[in-house]
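Reading the structure
The residues making up each chain are set out below.
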Amino acid sequence: MHARFVLVPLAALAAVAPPAIHAATYLTVAQAQALMFPGQRLTPDFLDLSTTQIAAIERDAQVKVLTPQVRAWRTSGGGWFLADQVYGKSELIAYAVALDAAGAVQRVEILSYQEAHGGEVRLPAWRAQFIGKHHGDAMHLDEDIRNISGATISCRHVTEGVRRLLSTWALVLAPQAHARG
Amino acid sequence: MRVAEVERARPLLGTFVSMRVGGLPPARAQRAIDLAFAEVQAVQRRMSFHDPDSELSQLNRQAARRAVTVHPQTWRVLARALRIAAASGGSFDPSVAPRLVALGVLPAPAAELAPDPAADWRDVRLLPGFRVRFRRPLWLDLGGIAKGHAVDRALARLRRCGATTACVDAGGDLRLFGPEEEAVALRGPRGRPRPVVWLRDGALASSAVEPEDDALSGRVLDGRRGWALAPGRRVTVAAAQAWLADALTKVVLADPPQARDVLARCAAQAWLHTPDGGWHRLPR
């Protein structure tokens, strides 16, 4: 196992002092829909929750509802696609949940992730200084350092978000769909 | 120039698992990632301490009474855990779960027999036919080693699918391969020089003993003494496989001088950050 360790002096990073952001985009909503429900037609079923519905969902899920807007799609196979966001201590996570016709979670995919930490390294910006200083020409000079080890991020907020969406489905989406036939 | 890559992430193993794959047409890349996520889910199903239906939970409930047959993968991960426990003289010990439960890091499982406080990794017997038997009641937690194993399985799957570059990252455990070296930034203290590790085909695992007020997940136990380690140390281990890198982080945190020998035998390297602000390379 060959690995090399380098300490990058702060001076090399001084030019990029502003608040750091680690961000990743994995899937667009359309890509996630195509992956989770291949070959199916998805029809938007967006709605705004009433204050009564919000209270009921919060009671049921034991999670705070952050926005009244629900971004839901019905699929031609009877399932549901829900796009949502959660806020962690310092991160914003967009994710999508696929439910089958019975409301069971089929899959959860992270759409995008953005972490803001004052004082952390802003990875995309420091590549030029860093690579120029510490590595030879053979390196991919145009690449970002996209890998971080030790960034143990709790997925608790997503877990809570999924619980909230399941309550939203059971208390609002499914009854409305049923009423409409 | 890097080939087009596809990257995805899902919440699994109590963290975010992200995967990046290159060298495949988009549809095949997505299919490969789906298969690799399925590997991770299979490991979670078998080896989760939190899931009462996992094979691990079944062992914790029953293996003190009778030999329990498990999936060959689970058996082999257990064998590896016991190997590292033996090599480290028990400073890595997969049977510390009762103390982690007492600390509130892990939920208490529904066990018929309370764990024997005197039990340790030496009471786990691996029998032919992928059977496991405990000599005394104990609770196993494969935590990090299972997470590393899941990363290894996922990466192997991406490789078999024809990827020319791939990276799998599960909250601290990362493994990658490709034709060129890649840089991995390590989390370090603020206001200090930034640590970066370059590797081409291998695994990195990072582990830290966080300050008391900073989340329970940062608790690390010394298997031999059974107490939580003093905060302030963080370590990154580079090894050929992620399961090994993860297990070795615990060995280094518990006892850096002793870890030198274990690291050398496992062809691994570690960088330890101590509260005085220095980075130390092990073995030297």
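Residues numbered from 1 in each chain as written. Chains lettered and ligands numbered in written order. Predicted model: local features only at pLDDT ≥ 70, side-chain atom pairs only at ≥ 80, totals over all residues.

Description of the overall build of chain B
Stated formally: A run of H or I in DSSP becomes a helix once it reaches four residues, and a run of E becomes a strand once it reaches two; helices and strands are each numbered from the N terminus. Counting other C-beta atoms within 10 Å of a residue's C-beta gives its exposure: the residue is buried at 20 or more, exposed at 12 or fewer, and partly exposed in between, where C-beta atoms are placed from the backbone.
Per the secondary structure count, chain B includes 7 helices and 13 strands. Among the 284 residues that make up chain B, the fraction classed as buried is 53%.

With respect to the overall build of chain A
To be explicit about the condition: By the convention adopted here, residues make contact when the C-beta atoms placed from their backbones lie within 7 Å.
Along its length, chain A carries 4 helices and 9 strands. Looking at chain A as a whole, 32% of its 181 residues qualify as buried. Within chain A, contacts between residues separated by at least 24 positions form 64% of all contacts whose residues are at least 6 apart in sequence.

What about the confidence of the model for chain A?
Residue and element names in this part refer to chain A. In plain terms, the rule: Per-residue confidence from the prediction method is given by pLDDT, with values spanning 0 to 100.
Taken over all residues, the pLDDT of chain A has a mean of 75, while the share at 70 or more is 70%. At the low end of the mean pLDDT range in chain A sits helix 3 (residues 127-134), at 30; at the high end sits strand 5 (residues 69-75), at 97. Counted against residues more than four places away or in other chains, residues 13-20, with its pLDDT under 50, gives 16 contacts. This model gives residues 117-146 a pLDDT under 50, and the stretch forms 40 contacts once residues within four places in sequence are excluded.

Observations concerning the sheet that holds strand 4 (residues 124-127) of chain B
All names here are of chain B. So the rule is basically this: Note on pairing: DSSP must find at least two bridges between two strands before they are called paired.
Within the open sheet, the 3 strands sit side by side as 3-5-4. Their pairing is antiparallel. With partners counted over all chains shown, the strands left at the sheet margins are strand 3 (68-69) and strand 4, one partner each. The pairing of strand 4 with strand 5 (residues 131-134) spans 4 bridges and is antiparallel. Directly across from Arg125, in strand 5, lies its bridge partner Arg133.

Quick notes on the packing of helix 3 (residues 72-87) of chain B against helix 6 (residues 242-254) of chain B
Residues and elements named next belong to chain B. Condition: In this analysis an axis means a line fitted to C-alpha atoms, helices contributing only their contacting stretch, and an angle means the value between N-to-C directions, from 0 to 180 degrees. Should the near helix be turned counterclockwise from the far one by less than a right angle, the crossing is left-handed, whereas a clockwise turn marks it as right-handed. The residue classification treats Ala, Val, Leu, Ile, Met, Phe, Trp, Tyr, Cys and Pro as nonpolar and Asp, Glu, Lys and Arg as charged. All others, Gly included, are polar.
At a closest axis distance of 11 Å, the pairing of helix 3 and helix 6 adopts a crossing angle of 35 degrees. In this structure, helix 3 meets helix 6 at a crossing whose hand is right-handed. Each of Val77, Arg80, Ala81 and Ile84 in helix 3 lies in contact with helix 6, whose residues at this interface are Trp243, Ala247 and Val251. Considering only residue class, the contact of helix 3 with helix 6 consists of 6 nonpolar, no polar and 1 charged.

Brief notes about the pairing of strand 10 (residues 202-208) of chain B
All names here are of chain B. Among the 7 residues of strand 10, 7 are classified as buried, and the element is accordingly described as predominantly covered. The alternating pattern of strand 10 places Gly202, Leu204, Ser206 and Ala208 on one face and Ala203, Ala205 and Ser207 on the opposite face, and all of these are buried. In this sheet, strand 11 (residues 234-239) lies alongside strand 10 in antiparallel orientation, the contact comprising 6 bridges. Bridge pairing in strand 11 links Leu204 to Ala238.

Focus: the environment of Arg76 of chain B
Residue and element names in this part refer to chain B. Of note, Arg76 is situated in helix 3. Taking the C-beta count within 10 Å as the criterion, Arg76 has 15 such neighbours and is therefore assigned partly exposed. Remark: the alpha-carbon pair of Arg76 and Phe130, spanning 54 residues in sequence, is separated by 8.4 Å.

Details of the nonpolar core
One broad rule of soluble globular proteins: the nonpolar side chains tend to lie buried together. Residue and element names in this part refer to chain B. The criterion, for reference: By convention in this section, buried Ala, Val, Leu, Ile, Met, Phe, Trp, Tyr and Cys residues joined through C-beta atoms within 7 Å make up a nonpolar core. Each domain's limits were defined by an automated method or a database of domain assignments.
Formed by 123 residues in total, the largest nonpolar core has its most connected members in Val21, Val237, Ala245, Leu248, Ala268 and Ala270. It is helix 6 that contributes the most residues to this core, 10 residues altogether. When residues of this core are assigned to domains, at least three fall in each of domain 1 (55-141) and domain 2 (181-284). Residue contacts for Ala245: discarding those within four places in its chain leaves Gly148, Asp173, Ala203, Leu204, Ala205, Val237, Ala238, Ala239 and Ala268.

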